[in-house]
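Per-entry structural report
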Protein chains: 2
Amino acid sequence: VIAQRALVTGADGFIGRALVHALRVGHDVIATDRPDGDIAEPSHLDRLFDEAGPFGLVFHLAAVVSGAAEADFDAGRRVNLDATLGLLDRCRAQARRGGPVVRFVHASSIAVFGTPLPARIDDATAPAPTLSYGTHKRVAELLIDDATRRGELDGRALRLSGVVVRPALPNGALSAFNSDVIGEPLAGREVECPVGADATIWLTSRRAAVGNLLRLADIDGTGIGAQRALTAPALAISVGEIVAALGRVDAAAPARVRYAPRPEIEAQFGRWPRDCSFARAHSLGLVGEASIDALIRDHLESTA
Amino acid sequence: VIAQRALVTGADGFIGRALVHALRVGHDVIATDRPDGDIAEPSHLDRLFDEAGPFGLVFHLAAVVSGAAEADFDAGRRVNLDATLGLLDRCRAQARRGGPVVRFVHASSIAVFGTPLPARIDDATAPAPTLSYGTHKRVAELLIDDATRRGELDGRALRLSGVVVRPALPNGALSAFNSDVIGEPLAGREVECPVGADATIWLTSRRAAVGNLLRLADIDGTGIGAQRALTAPALAISVGEIVAALGRVDAAAPARVRYAPRPEIEAQFGRWPRDCSFARAHSLGLVGEASIDALIRDHLESTA
């Protein structure tokens, strides 16, 4: 039995590293990230598919994230739109040549929802992005649905919320405070939070994100339906509640958070509704973290 | 006073010809269609913008329509996606070089809504296309919203329903029966209708479509809001009601319609809900035809 060959883009990222690690069990993994070549470059994509392919499975994680894509539209468009189009084209071409129809798992984002954020978000909520990052993610979702409908792809997209606890290295995400407000005080460092204590955010842990991406790759496509994008189960919680939870493991931690709310950050990143449902994802066996305390405990164990 | 320079793509089409005719009053119109060059070809776009530009206004009507885009995905993607991306890039580049921010009017389509069609469609209905044509139209809407938000475009998109009465020449639209079921019996010819008498369709006349595109180009963008795509007012009517209206102008016409329903055509083209609202469009002064009788009378006058 030959292991299924899987391509992972953005393989050196926070999610990518953990996904590749888990995926190596049972898969022949081709991991690619910037040092290997530019994923938006047609020649790099051709080389991947011609030399390392064919692929039965593709996890597309490579992205220029929210803040970086806002600051440099061309860079964001190149990775988030052009590279995705190029990757989908190669998958289609493989299928048209009689190769495997790729099971394509796209790391989408809750940034497909824009400001003003809806009072409730569920599986019927219409995406209306207000960031270039979210726009390109939504475009990818639509193209994946269409290629799947045409039988040239077996796509699925998972809308991830803030995946925590990322290292406090700037990757350009405007939602980086989600991680910093947890990781920094617990590491004994002060942190400035660009949203107020009453701001509500949606969180997921890396283990839940990776588990859900893997689960999504395992599901038979016919069970997902025609719209292949799912919102991943998230923990909807206020920053004040997070800070209180920090205090339950380190009484000195809450005082290390200083609030300096910025309205434009609050509008997109601090107004996620508590009234939310992830019914489609749950029905497919995807899961979220049970509590902020479980998430923090896991973070402390993984960094211990 | 120099007239505003306007570019019209798809200028030789059914809508394009009438739009260019109306637009020449007060505008310096650059009309382009296939004989002039391929709108998906970068060199043609460069030539248009470098030699005929800068443009204050762009009407983007060029498209490979529903059936043709389903039959030849690459041809559809090339015009409906690649050419639109190229056109938006040129508009952005013009603005970045200090030229005018283009008022960009995109001919979108109700094909952004897919099957199963919703029981009600209004301004809150989430687009979920199930044709490649509709997918690429929705992608264009999203990119227009984003470019507009970034201040590099002043975009607007009008989702047109079946524009009647087109000449009975195949342009590849799966909705061509909308026109044929009106035009052919009145011309004394028999017609086969691929949906039943109880099928409900959405119609607009060419004069309403052109009037609404021009009206949309005149409106100050700030009044439209962040989501620049509007569903154009349409007449929601059953095929049986249309055929009955034919009988009111020619008693022999109804007998020339033969019903041969095809389920896949009915699902996308014959299940448009009567429960619909075009409130945003109406609030901006866009209008639909008052009745099928008014639409038929206009058709007879324009072809007399």
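In this report, we go over the structure that sits alongside the text. (Residues numbered from 1 in each chain as written. Chains lettered and ligands numbered in written order. Predicted model: local features only at pLDDT ≥ 70, side-chain atom pairs only at ≥ 80, totals over all residues. Heavy atoms only, no water.)

**Focus on the sheet that holds strand 2 (residues 27-32) of chain A**
Residues and elements named next belong to chain A. Strand order in the open sheet made by the 6 strands is 2-1-3-4-5-9, with parallel pairing throughout. Only two strands of the sheet have a single neighbouring strand rather than two, namely strand 2 and strand 9 (229-231). Across the sheet, the mean angle separating the axes of adjacent strands is 20° when strand polarity is ignored. Two elements, strand 4 (residues 103-109) and strand 5 (residues 154-160), share 7 bridges in a ladder whose sense is parallel. (Pairing = 2+ DSSP bridges. Helix = DSSP H or I, 4+ residues; strand = E, 2+ residues; numbered from the N terminus. Axes fitted to C-alpha atoms, helices over the stretch in contact; angles between N-to-C directions.)

**Considerations on the sheet that holds strand 8 (residues 200-205) of chain A**
All names here are of chain A. Sheet architecture is open: 3 strands sit in the order 6-8-10, paired in mixed fashion. Of all strands in the sheet, those bounded by a partner on one side alone are strand 6 (162-164) and strand 10 (235-238). Neighbouring strand axes in the sheet, compared pairwise and without regard to direction, differ in orientation by 50° on average. Of the pairings in the sheet, the one linking strand 8 to strand 10 comprises 4 bridges and is antiparallel in character. Note on strand 10: the bridge partner recorded for W202 is A236.

**Brief notes about the interface of chain A and chain B**
In this complex, chain A contributes 27 residues to the contact, which on the side of chain B involves 27 residues. Regarding the contact of chain A and chain B, the summed buried area is about 2300 Å², with carbon and sulfur atoms giving 52% of it. Remark: the boundary between chain A and chain B carries 8 salt bridges. Between D89 of chain A and R77 of chain B there is a salt bridge, and its shortest N-O distance comes to 2.7 Å. The interface formed by chain A and chain B includes 16 residue pairs in polar contact (both at pLDDT 80 or more). Among the secondary structure elements, those contributing two or more residues to the side of chain A that touches chain B are helix 3 (66-71), helix 4 (73-96) and helix 5 (132-149) of chain A. Counting residues per element, the side of chain A that touches chain B draws most heavily on helix 5 of chain A, which supplies 9 residues. Broken down by class, the residue content of the side of chain A that touches chain B amounts to 12 nonpolar, 5 polar and 10 charged. (Contact = heavy atoms within 4.5 Å. Buried area = accessible area lost by both parts, 1.4 Å probe. Salt bridge = Lys/Arg side-chain N within 4 Å of Asp/Glu carboxyl O. Polar contact = N/O pair within 3.5 Å; in protein donor to acceptor, adjacent residues only side chain to side chain. Nonpolar A, V, L, I, M, F, W, Y, C, P; charged D, E, K, R; others polar.)

**Things to note about helix 8 (residues 239-249) of chain A**
Residues and elements named next belong to chain A. Those residues of helix 8 that sit buried are V239, I242, V243, A245 and L246. Take helix 8 and look down its axis: the buried residues cluster within an arc of 155°, on one side only. Where helix 8 is buried, its residues touch helix 6 (177-186), strand 7 (191-193), strand 8, strand 10, strand 11 (257-259) and helix 11 (292-303). (Buried < 20%, exposed > 50% of the residue type's maximum accessible area, 1.4 Å probe, protein only. Arc of directions from axis to C-beta.)

**A closer look at the relation of the copies chain A and chain B**
Relating one copy of the chain to the other requires a rotation about an axis plus a shift along that axis. With an axial shift of 0.0 Å and an RMSD of 0.0 Å, the rotation relating chain A to chain B amounts to 180°. Such values leave the two copies arranged in the relation of a two-fold axis. It is A126 of chain A whose C-alpha, among those of chain A, lies nearest the rotation axis, at 2.4 Å. When you check the interface residues of chain A against chain B, 100% turn up at the interface there too, and the contact is symmetric in its surfaces. (Least-squares fit on C-alpha atoms with pLDDT ≥ 70 in both.)

**Concerning unusual backbone geometry**
Note: most peptide bonds trans; most residues except glycine with negative phi. Of the consecutive residues G53 of chain A and P54 of chain A, the connecting peptide bond is found in the cis state with omega at 0°. Backbone torsion omega between T115 of chain B and P116 of chain B reads -10°, so that peptide bond is classified as cis.

**Re the side chain of R256 of chain B**
By the secondary structure assignment, R256 of chain B is in the loop between helix 8 (239-249) and strand 11 (257-259). When residues no more than four places from it in sequence are discounted, the contact partners of R256 of chain B are P185, G188, R189, E190, V191 and D250 of chain B.

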